[in-house]
Amino acid sequence: MKVIPSGSVLGASVEGLDLSRPLSSAEDQEVVAALGKYGVLRFPGQKLEAAQLKRFAAGFGELEVNVASGPYQEPGHPEVMILSNIVENGRPLGIADAGQDWHTDMSYSRTIAFANVLYGIKIPRRDGQPLGNTEFCSMHAAYEGLSNEMKKKLDGMTVLHDFGKFWDMMRREKGSKRPPLTEAQKKAKPPVSHPIFLTHPITGRKVLYANPGYSIRINELPQKESDETLEFLFAHQTRPEYRYASRWSEGDVLMWEDFGTIHNAVADYGPDEHRLIKRCQVMATRFIPPEERA
Ligand code: SIN
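Predicted model only: the values in this text are computed from it and were never measured. (Residues numbered from 1 in each chain as written. Predicted model: local features only at pLDDT ≥ 70, side-chain atom pairs only at ≥ 80, totals over all residues. Heavy atoms only, no water.)

1. A look at the site of the ligand
If you check the shell around the ligand, you find Leu-83, Gly-99, His-103, Asp-105, Asn-116, Leu-118, Thr-134, Trp-256, His-263, Ala-265, Arg-275 and Arg-279 and nothing else. Note that an oxygen atom of the ligand is positioned 2.9 Å from one of the side-chain N or O atoms of His-263. Relative to its free-state accessible area of 260 Å², the ligand is covered by the protein chains to the extent of 99%. Looking at the shell around the ligand, the elements with two or more residues in it are strand 8 (113-122) and strand 19 (261-265). Its residues assigned to classes, the shell around the ligand comprises 4 nonpolar, 5 polar and 3 charged. (Near = heavy atom within 4 Å. Polar contact = N/O pair within 3.5 Å; in protein donor to acceptor, adjacent residues only side chain to side chain. Areas by Shrake-Rupley, 256 points an atom, 1.4 Å probe, with all protein chains shown as cover. Helix = DSSP H or I, 4+ residues; strand = E, 2+ residues; numbered from the N terminus. Nonpolar A, V, L, I, M, F, W, Y, C, P; charged D, E, K, R; others polar.)

Here is the structure:
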């Protein structure tokens, strides 16, 4: 396996691994180490059935069945969610606008995410250029870029994350056709708190663990100060120097770790420019002992 760094703040391509067959434990460790170092890994030229995508992802931790995946699950594989703007016989094949703003998957869950694993099947193109990049920001860099004063002030504080924040924003501000969350979905994912700074389980370094998509409150601050501080952090963590954009090709598997990155699915393609991606979300069970999980 050959790891080729992007040269940017995040990102590397991994060549020489066929993800349709089980990884050896040495390969598994190399991938995890590369995830720690580069945050985002692209494995080009893969050919995967849903079951193989699921097996690869499940090698890194328990898989989440996304609370919103109901109509968009791969038949027979509820852990594989279909992200797509394709409509077949009047029926959407997948969720059309997943992740189209800055967020971290599953920061709203008690057991947070370790990684996302996405497989690109159809990638829209215009004038030969791929559309629908997935953009990332480095939360190692964002933490390091905070002033000492801010690091000290926020140290030990916690942030409340709410699944409904992103969902409602998509309906209210982006014209999303997704239906309102049901009471059962809200009950399944009540708001949860996590430390504002986490020690990254692979690098051992501190990361900023807050994101515009789901973070609603710094619990230890008065409401106004919490709102102002979150606004500051959202602007800070998405600064251009912390960003990296991954360009898709068909057959890419794009894997990223969710402790040290936030991401955004760029919505720069139209309804007739078809995108089809299959996704697994890997929970951080590899790093969180069973007694500390919910
Ligand atoms: C996601 O937020 O997991 C979706 C990213 C993408 O479709 O590019």
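2. A word on helix 1 (residues 25-38)
For helix 1, built from 14 residues, the straight-helix expectation of 20 Å at 1.5 Å per residue is met to within 8% by its first-to-last C-alpha distance of 20 Å. Looking at the buried side of helix 1, the elements it contacts are strand 1 (2-5), strand 2 (12-15), strand 3 (40-43), strand 8 and strand 18 (253-257). Trailing helix 1 by a residue or two, Gly-39 shows a phi angle of about 80°, which is positive. (Expected span 1.5 Å × (residues − 1). Contact = heavy atoms within 4.5 Å.)

3. Considerations on the environment of His-194
Among the secondary structure elements, His-194 is positioned in strand 13 (residues 192-195). We classify His-194 as buried; its relative accessible area is 9%. Separated by 37 residues in sequence, His-194 and Met-157 have C-alpha atoms that sit 8.6 Å apart. Once residues within four sequence positions are removed from consideration, His-194 is found in contact with Ser-107, Ser-109, Arg-110, Ile-112, Thr-158, Val-159, His-161 and Tyr-209. From its side chain, His-194 meets the backbone oxygen of Ser-107 in a polar contact 3.1 Å long. (Buried < 20%, exposed > 50% of the residue type's maximum accessible area, 1.4 Å probe, protein only.)

4. What to know about the nonpolar core
By size, the foremost hydrophobic cluster in this structure holds 55 residues, and its most contacted members are Leu-41, Phe-43, Ile-196, Leu-208, Ile-218 and Met-255. Broken down by element, the residue count for this core peaks at 5 residues, all from helix 1. Sequence-distant contacts of Leu-208, that is, excluding residues within four places in its chain, are made with Met-139, Ala-142, Tyr-143, Ile-196, Phe-197, Leu-233 and Gln-237. Among the nonpolar cores identified, the runner-up in size contains 28 residues, and Phe-166, Met-169, Leu-181 and Met-283 belong to it. (Core = buried A, V, L, I, M, F, W, Y, C linked by side-chain atoms within 4.5 Å.)

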